[in-house]
Every structure is written in structure tokens, then in C-alpha cells.
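# Geometric and topological summary
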Amino acid sequence: MGARALLAEVGTDEQVAALLGDLMQRQHDGLLTDGAELVPAARTVLIDGLADARERAGLATWLGAWTPHAAEAGTGPLVEIPTVYDGEDLAEVARLWGVPPDEAARRHADCLFRVAFCGFAPGFAYLTGLPDELAVPRRATPRTRVPAGSVALAGPYTGVYPSPSPGGWQLIGRTTLRLWDADRTPAALLSPGTRVRFVPATGARNGEGS
């Protein structure tokens, strides 16, 4: 990954969370360059901006001896996302879960999620926290346009589309919260480690209601 970066690969997203936490602690303790950037993904953590070859070699040795372990309970900031559970795929998700649509919405809202990593589009966060038995497949045919604010599921992840884009995730609801705002600092509302709750809300679609 270049002279000043390393890419560590692990087996699960939970191990990513554990490794990221340990690296953040090393940085806090002064054992890793303060300006180094830690970028988690589904199975990797990129450490970029190391001071020099000596630090790179020392970190490589530490990573080689790192033992996977359970991630500590999330302590990141909590963001509540008001959500209207009326997505086009909510009935299909409820069928897969073997419950009525209103119960599917309740089960999703009862989960406490954590941002595992970001990608796909600016402001798009992959949220873990859905029980394994509630994982759902992507749509067989992706949509050419998914509206901004759509709350969706794919595999073990929940996500919120920050802007209109193509997408194959199962749409279960929507929010008016802005996930990405270039005029805001930081522009992304959700960052790795942030805890997220979806709060059931009511609302009319554009052009409906008063």
C-alpha cells in the first residue's frame, strides 16, 4: 500500500471493529502517528500516513502478532434516525422474516446498529447490528434509481442512501435526515464507530397529505 501505509485483513466485520478499536487506542497512547488515517472496510483496515519506514515496520510486526478478539461494546456517539417504515420491499422483507410488516418494522427499530465502515457513495454507511437470522438477500434486479433517504437492507447490513442512485438493496423505509451535506463539518453524518437507532415516525410521501 505504499511506503507509508499498511492494509490489514481479518476474517469478519467484528474483527475489523476490534482491530480498529485497538489501533485507535495505540494512536491515543502515542504509539501510532497522530496524523495516521484509519480506514475500515468489510474485512480490512487501512492505516495510511505513517511517519516513516521504521514506524511501518514496527506496525507490521505488531499486526502480525495481533490476536482477533471480540470488539468492545460500542461507545461512539449515538445518532437517532427518524424513519417512516413504508418501503416498497417491506412486505417482502416481512415475508422472509415470517412476520407481518408492522412487526418487521418493530424488529428493525429495536436493533442498536453500529457504523462498521463507509463506502459506495459519499455518506453511505454500512451498519451492523441486525441479528444473523434477519439477513436478507439483495434484490434480483437492482433499481435504476433509489431516492435519497431510503432505509434499506442487504445481507447483514442496514444502510441509508444519502443521495439518489442505482441500488439493489431491499427498501424498508425512508428518512428526511441528511446523511451527506458538503456544507456541513463533517459532511458525513455517520462515521465508523457511530451508534445508530432507527426511530419509527409517521409521514406522507411527496405530494401526499397536507
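The preceding data block contains the structure.
Below, the structure is looked at part by part. (Residues numbered from 1 in each chain as written. Predicted model: local features only at pLDDT ≥ 70, side-chain atom pairs only at ≥ 80, totals over all residues. Heavy atoms only, no water.)

Once that is clear, we can look at the overall build of the chain. For the chain, the helix and strand inventory stands at four helices and 12 strands. Dimensions along the principal axes, computed over C-alpha positions, put the chain at roughly 65 × 40 × 30 Å. Counting the 210 residues in the chain, one finds 44% classified as buried. When the accessible surface of the chain is split by element, carbon and sulfur atoms take 53% of a total near 11200 Å². Computing the positive centroid from 19 side-chain charges and the negative centroid from 24, the chain places the two 4 Å apart. (Helix = DSSP H or I, 4+ residues; strand = E, 2+ residues; numbered from the N terminus. Buried < 20%, exposed > 50% of the residue type's maximum accessible area, 1.4 Å probe, protein only. Areas by Shrake-Rupley, 256 points an atom, 1.4 Å probe, with all protein chains shown as cover. Lys, Arg positive; Asp, Glu negative; His and termini not counted. Charge placed at Lys NZ, Arg CZ, Asp CG, Glu CD.)

Moving on, we come to helix H1 (residues 13-28). Relative to the 22 Å expected for 16 residues at 1.5 Å per residue, H1 spans 22 Å between its end C-alpha atoms, a close match to the ideal helical length. Along H1, the residues classified as buried are Asp13, Val16, Ala17, Ala18, Leu19, Leu20, Leu23, Arg26 and Gln27. (Expected span 1.5 Å × (residues − 1).)

Put simply, Thr185 and Pro186 share a cis peptide bond, and its omega is -5 degrees. Considering the arrangement of structural elements, one finds Pro186 in the loop between strand E11 (170-174) and strand E12 (195-200). Despite not being glycine, Phe120 shows a phi value in the positive range, around 75 degrees. Looking at the secondary structure, you find Phe120 in the loop between strand E5 (113-118) and strand E6 (125-128).

Let us look at the side chain of Thr128. Mapped onto the secondary structure, Thr128 falls in strand E6. In contact with Thr128, not counting residues within four places along its chain, are Asp13, Leu112, Phe113, Arg114, Ala116 and Tyr157. (Contact = heavy atoms within 4.5 Å.)

Any functional reading would require information that these geometric values do not contain.
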